[in-house]
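# Secondary and tertiary structure notes
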Amino acid sequence: MRRARGGWELPISESQLGRLTKEMTEAHHDTLPALRADAASLTERIRALGPARRGGLPTGGDRAGRLPAGLGAADRAAPANGTGNTGPADAGRRRFLLGAGSLGAAFLLTGCTSAGTDEKGASPPGAPADVLPPRAAADTVMYTAHLRFVALSAALENQAVGAYGSILAAAGAEKFGAVPPAVSTFVTMAMAHHIDHAKAWNTALTDADKPAVTDVPLSNQRAITTALARITSVDDAAKLALQLEDQAAQTYLCASYNGKSAAGIETAATIAPVEAMHVSILRFILGQDPVPEAFLPEDMAATPSLLTV
């Protein structure tokens, strides 16, 4: 084990982390054809809605920052068990049994109800006060209806890319002391995955005649930037990265069984397993249980109200 600044040590061997990173990247590459196809289907779906209804997966309640309570009737698919039960709870328990290679775990995911807010759109207890700002005036909103969630997803991916880039720069400047090469490789590969995911979401936006999200128009970005500036160790960096990965993974899982668009559900569901692998490996790096009993709950899922454009 190599000791970095702050007394941190990599809890597993570099060869183990290297193997996990390799498997994570292979899984990501395996999803790319489906991801591109899903993004194309999402674009077709959005175009079919017409200008008046374009905009992320949530509709109707998205101005309140909440995902819909259930799947749209036109897009519901019968579950594999043939019971006809297509409710959110059933979807949460049965549709997302995800394998993660030699991570040695299967992820049994529970339903998403609150999506990070209460019924009035308020932050959950303990959440930073500036995470969910007052709603912007309707005439200032760039992305609406079905495109709002797509823009949110692109922004979340950009946020992760920027954070990982800052972490790599700080590590290169030796601000964390000795950083095991395997950790740097993981960060580099995870960042590349987020770049690919952002491209997929932005393709749906530009094909729907909306501008791509190229920065981070999220109300919590200032807090993330501040946190990045305060990082002094690999442990700090991994904890912040885990926070962002949890947010992204939970957001996609919630969308996957609460969205109204079948194509949008497929896009989110294609990305979610890779994000979940990021989460598990970061927990390995931090010496935590890679798949705890409450793995990927719903409390950190982002909602469209986080978007500032």
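Just above, that's the structure.
For the structure given in this document, a descriptive report is provided here. Just so we're clear, the structure is a prediction, and the values are computed from it rather than from any experiment.

Within the structure shown, the criterion is met by two aromatic pairs. Ring geometry for Trp 201 and Tyr 252: centres 5.8 Å apart, planes at 25°, overall stacked. Note that Trp 201 is positioned in helix H4 (residues 181-207) and Tyr 252 in helix H6 (residues 234-258), a separation of 51 residues in sequence. Since its relative accessible area comes to 0%, Trp 201 is described here as buried.

A few words on the environment of Glu 157. Within the secondary structure, Glu 157 sits in helix H3 (residues 146-172). On the basis of relative accessible area, Glu 157 is assigned to the buried category, the value being 0%. Along the chain, Glu 157 and Thr 214 lie 57 residues apart, while their C-alpha atoms are 10.0 Å from each other. Glu 157 has contacts with His 194, His 197, Ala 198, Trp 201, Tyr 252, Ile 271 and Glu 275, leaving out every residue within four places of it along the chain.

Here the focus is the packing of H3 against H4. Two quantities define a packed helix pair, namely the angle between the axes and the distance from one axis to the other. Where H3 contacts H4, the two axes come as close as 8 Å, and the packing angle between them is 155°. Put simply, H3 runs roughly antiparallel to H4. Considering the relative orientation of H3 and H4, their crossing is left-handed. For the contact of H3 with H4, a count of residues per class yields 18 nonpolar, eight polar and one charged.

The set of residues buried in helix H5 (residues 221-229) consists of Gln 221, Ile 224 and Leu 228. Looking straight down H5, one finds that the buried residues subtend no more than 60° of arc, so they occupy a single side. In H5, the exposed positions that point more than 90 degrees away from the buried face belong to Arg 222 and Ala 229.

Of note, the phi angle at Glu 174 is positive, near 60°, even though the residue is not glycine. In this fold, Glu 174 is placed in the loop between H3 and H4. Taking the relative accessible area as the measure of exposure, Glu 174 reaches 58% and is therefore exposed. One non-glycine residue with positive phi stands out, namely Asp 209, at about 65°. With respect to the element layout, Asp 209 can be found in the loop between H4 and H5. The exposure class assigned to Asp 209 is exposed, which follows from its relative accessible area of 63%.

The terminal C-alpha atoms of H4 lie 39 Å apart, and with 27 residues this matches the ideal 39 Å at 1.5 Å per residue to within 8%. Asp 209, located one to two residues past H4, shows a positive phi value of around 65°.

The subject of this paragraph is the pattern of salt bridges. Scanning the entire structure with this criterion turns up two salt bridges. A salt bridge links Lys 22 to Glu 26; the nearest nitrogen and oxygen atoms lie 2.5 Å apart. Separated by four residues within a single helix, Lys 22 and Glu 26 lie in helix H1 (residues 14-49), roughly one turn from each other. With a closest N to O distance of 3.0 Å, Asp 235 and Lys 239 form a salt bridge. Taken together, the residues Asp 235 and Lys 239, both in helix H6 and four residues apart, mark about one turn of the helix. On the basis of relative accessible area, Lys 239 is assigned to the partly exposed category, the value being 45%.

The rules behind the values
- Residues numbered from 1 in each chain as written.
- Predicted model: local features only at pLDDT ≥ 70, side-chain atom pairs only at ≥ 80, totals over all residues.
- Heavy atoms only, no water.
- Phe/Tyr/Trp six-rings, centres within 6.5 Å; stacked < 30°, edge-to-face > 60°.
- Helix = DSSP H or I, 4+ residues; strand = E, 2+ residues; numbered from the N terminus.
- Buried < 20%, exposed > 50% of the residue type's maximum accessible area, 1.4 Å probe, protein only.
- Contact = heavy atoms within 4.5 Å.
- Axes fitted to C-alpha atoms, helices over the stretch in contact; angles between N-to-C directions.
- Parallel < 35°, antiparallel > 145°, perpendicular 65-115°, else oblique.
- Left-handed = near helix turned anticlockwise from the far one by under 90°.
- Nonpolar A, V, L, I, M, F, W, Y, C, P; charged D, E, K, R; others polar.
- Arc of directions from axis to C-beta.
- Expected span 1.5 Å × (residues − 1).
- Salt bridge = Lys/Arg side-chain N within 4 Å of Asp/Glu carboxyl O.

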